[in-house]
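Each chain, written out:
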Amino acid sequence: MTEVFRGTFTQQEPIPEEGIAAALDVLRSGRLHRYNLAPDEAGEVALLEREFAAHTGARHALAVTSGGYALATALRALGVKPGEPVLTNAFTLAPVPGAIASAGAVPVYVGVTEGLTIDLDDLAAKAGQARVLMLSHMRGHLADMDRLMAICDAAGIAVIEDCAHTMGAAWRGIPSGRWGKVGCYSTQTYKHMNSGEGGFLITDDDEVMARSVILSGSYMLYARHGTVPPEEVFERVKYDTPNVSGRMDHLRAAILRPQLRVLDRQCEKWNARYRVVETGLRGTPGLRIVERPEAGRFVGSSIQFLLLDWPAPHIEEVLARCAARGVELKWFGGAEPKGFTSRYDSWRYAPHPPMPKSDRILRSILDMRLPLTFSLEDCAQIARIIRAEVGAVWQAGTSDEDRAASA
Ligand SMILES: *Cc1c(COP(=O)(O)O)cnc(C)c1O
């Protein structure tokens with residue numbers, strides 16, 4: 001009998017009870033706005049900022065409305081101007097080039113490797129074209145950050161890290177988000193902490209922080225923040241930094257604080273699930289595992305594998321067969337973007353010259369979310385199903401070719 005997976009790929013864990021209680025306290029107080037504080041009250045948002053800065057080791061943290069907002073704020077805080085080129089990944093999600101476009105700037109796409117990281121040779125070749133790289137650690141795959149920073153430092157490029165998929169990850173022990181000038185995070189429901197919508201920006205740079213705080217909509221209330229640069233820095237920037245409101249509120253902060261306390265444990269739970277699926281898929285004919293480098297500590301909240309150089313109809317058949325057995329795979333190679341699977345040539349508001357090397361890889365990427373509501377047994381079952389269906393299509397495909405070759 002063929003087994004069918006009955007779980008749902010979009011079901012999250014509940015918010016911790018402690019967070020629910022703190023949220024109710026905020027609701028009862030009526031003080032939801034981050035600057036609406038009782039005398040001597042720091043407020044949930046400022047406390048969360050302090051705790052997030054401490055967790056990442058950054059000097060400053062700013063809580064905002066979304067990850068995409070954090071990315072756009074980082075660009076503005078770095079003084080990116082309309083029309084300015086900004087380097088970014090050809091393989092990422094739409095809010096990344098979208099943040100660049102929202103600042104009126106122009107994405108310049110850098111290719112993707114078979115390791116699903118940014119192509120550092122392509123980055124080196126394009127380094128002269130921009131003064132900012134918005135680096136997306138897409139699906140948690142960390143590039144060789146030592147080499148990446150060497151390329152960017154040599155070219156005078158400031159790096160903004162998109163850590164939407166790497167909250168809790170690190171390269172050589174240094175947290176993702178701490179390599180570049182600014183690190184940006186999302187606390188949207190499908191990321192590593194869940195406040196529905198939300199995000200963070202971290203930096204060690206006082207001026208970038210002061211600008212970001214004012215950009216986020218602080219008016220002149222910036223002293224109420226969790227981590228505050230010296231007053232003279234605000235004096236320098238406060239008249240020429242626009243207010244582009246995107247504040248976080250106490251309600252969201254209240255439910256995030258207990259989640260931050262258990263983040264490391266959650267990351268271990270994701271990785272345990274990831275390793276079960278990875279082990280189950282290893283050795284499947286025609287299927288390429290995307291290996292995780294030793295130097296990286298990753299968070300396996302999703303898994304990708306490659307069906308390199310497979311004809312599109314065969315990949316579509318794998319998708320259909322897995323779906324029929326309850327396993328929802330997403331494909332970054334379809335002719336049309338579906339759900340969240342767009343890619344550089346779907347973002348036609350910016351120039352997108354063909355990138356054949358990257359196209360070959362993008363066409364091969366299958367992607368699957370691993371919510372913590374899945375048990376280890378669920379993960380083992382999912383891997384068995386994928387293995388069987390990839391194997392079946394591969395075998396049929398190979399015998400097609402054999403028949404064609406012998407005809
Ligand atoms: C989710 C996501 C973002 C944006 O986060 P939002 O909070 O949804 O704006 C940015 N980059 C990547 C790679 C993401 O997955």
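The sections below set out a description of the structure shown in this document. (Residues numbered from 1 in each chain as written. Predicted model: local features only at pLDDT ≥ 70, side-chain atom pairs only at ≥ 80, totals over all residues. Heavy atoms only, no water.)

Now for the site of the ligand. Near the ligand, the surroundings consist of 15 residues, among which Gly 67, Gly 68, His 165, Ser 186 and Lys 191 are the closest. Separating a nitrogen atom of the ligand from a side-chain N or O atom of Asp 162 is a distance of 2.8 Å. Protein chains bury 92% of the 380 Å² of accessible surface belonging to the ligand in isolation. Those elements that place two or more of their residues in the shell around the ligand are helix 3 (67-77) and helix 4 (95-102). (Near = heavy atom within 4 Å. Polar contact = N/O pair within 3.5 Å; in protein donor to acceptor, adjacent residues only side chain to side chain. Areas by Shrake-Rupley, 256 points an atom, 1.4 Å probe, with all protein chains shown as cover. Helix = DSSP H or I, 4+ residues; strand = E, 2+ residues; numbered from the N terminus.)

Within soluble globular proteins, side chains that are nonpolar tend to cluster in buried spots. Judged by nonpolar contacts, the single largest core of 44 residues is most densely connected at Phe 52, Leu 123, Leu 133 and Leu 148. Among the elements that make up this core, the one with the highest residue count is helix 6 (residues 145-155) (five residues). For this core, the two domains that each supply at least three residues are domain 1 (17-261) and domain 2 (263-406). Apart from the residues within four sequence positions on either side, Leu 123 is in contact with Leu 87, Val 110, Leu 133, Leu 148, Ile 151 and Cys 152. Formed by 33 residues, the second largest nonpolar core is a distinct cluster that contains Ala 105, Cys 184, Val 208 and Ala 210. (Core = buried A, V, L, I, M, F, W, Y, C linked by side-chain atoms within 4.5 Å. Buried < 20%, exposed > 50% of the residue type's maximum accessible area, 1.4 Å probe, protein only. Domains from an automatic or database assignment. Contact = heavy atoms within 4.5 Å.)

Taken in spatial order, the four strands make up an open sheet running 10-12-14-13, and their pairing is antiparallel. In this open sheet, the two strands that pair with only one neighbour each are strand 10 (288-289) and strand 13 (330-331). Note that strand 13 and strand 14 (residues 365-369) share two bridges and pair antiparallel. Residue pairing for strand 14: Lys 330 is matched across the bridge by Asp 367. (Pairing = 2+ DSSP bridges.)

Attention shifts here to the sheet that holds strand 9 (residues 199-203). Across the sheet, seven strands lie side by side as 1-9-8-5-4-2-3; this open sheet has mixed pairing. This sheet does not close on itself; its edge strands, each paired only once, are strand 1 (60-64) and strand 3 (106-110). If you compare each strand with its neighbour and ignore which way they point, the axes differ by 20° on average. One ladder, built from five bridges, connects strand 4 (residues 132-136) with strand 5 (residues 158-162); its direction is parallel. Directly across from Leu 135, in strand 5, lies its bridge partner Glu 161. With respect to the sheet, helix 2 (residues 44-56) is in contact with strand 1, strand 8 (182-186) and strand 9, its orientation differing from that of strand 1 by roughly 130°. Taken strand by strand, helix 7 (residues 206-215) contacts strand 1, strand 8 and strand 9, and its axis lies near 20° from that of strand 1. (Axes fitted to C-alpha atoms, helices over the stretch in contact; angles between N-to-C directions.)

Side chains of Ile 20, Leu 24 and Leu 27 sit close together on the surface and give an oily, nonpolar patch of about 230 Å² of accessible area. Inspection of the secondary structure assignment puts Leu 24 in helix 1 (residues 17-29). (Patch = residues over 30% accessible without salt bridge, like charges linked within 9 Å, V, L, I, M, F, W, Y side chains within 5 Å. Salt bridge = Lys/Arg side-chain N within 4 Å of Asp/Glu carboxyl O.)

For the rest of this paragraph, the subject is helix 11 (residues 312-324). Along its 13 residues, helix 11 runs 18 Å from first to last C-alpha, staying within 8% of the 18 Å computed at 1.5 Å per residue. What helix 11 keeps buried is the set His 314, Ile 315, Val 318, Leu 319 and Cys 322. Considered in projection along helix 11, the buried side chains sweep an arc of 145° and stay on one side of the axis. Opposite the buried face of helix 11, by more than 90 degrees, sit the exposed residues Pro 313 and Ala 324. One or two steps after helix 11, the chain reaches Gly 326, where phi turns positive at roughly 85°. (Expected span 1.5 Å × (residues − 1). Arc of directions from axis to C-beta.)

This part covers the packing of helix 1 against helix 9 (residues 250-261). At their nearest, the axes of helix 1 and helix 9 sit 8 Å apart, and the two run at 160° to each other. Between helix 1 and helix 9, the interaxial angle falls into the category roughly antiparallel. Here helix 1 runs over helix 9; the crossing is right-handed. Contacts from Glu 18, Gly 19, Ala 22, Ala 23, Val 26 and Leu 27 in helix 1 reach His 250, Leu 251, Ala 254, Ile 255, Pro 258 and Arg 261 in helix 9. (Parallel < 35°, antiparallel > 145°, perpendicular 65-115°, else oblique. Left-handed = near helix turned anticlockwise from the far one by under 90°.)

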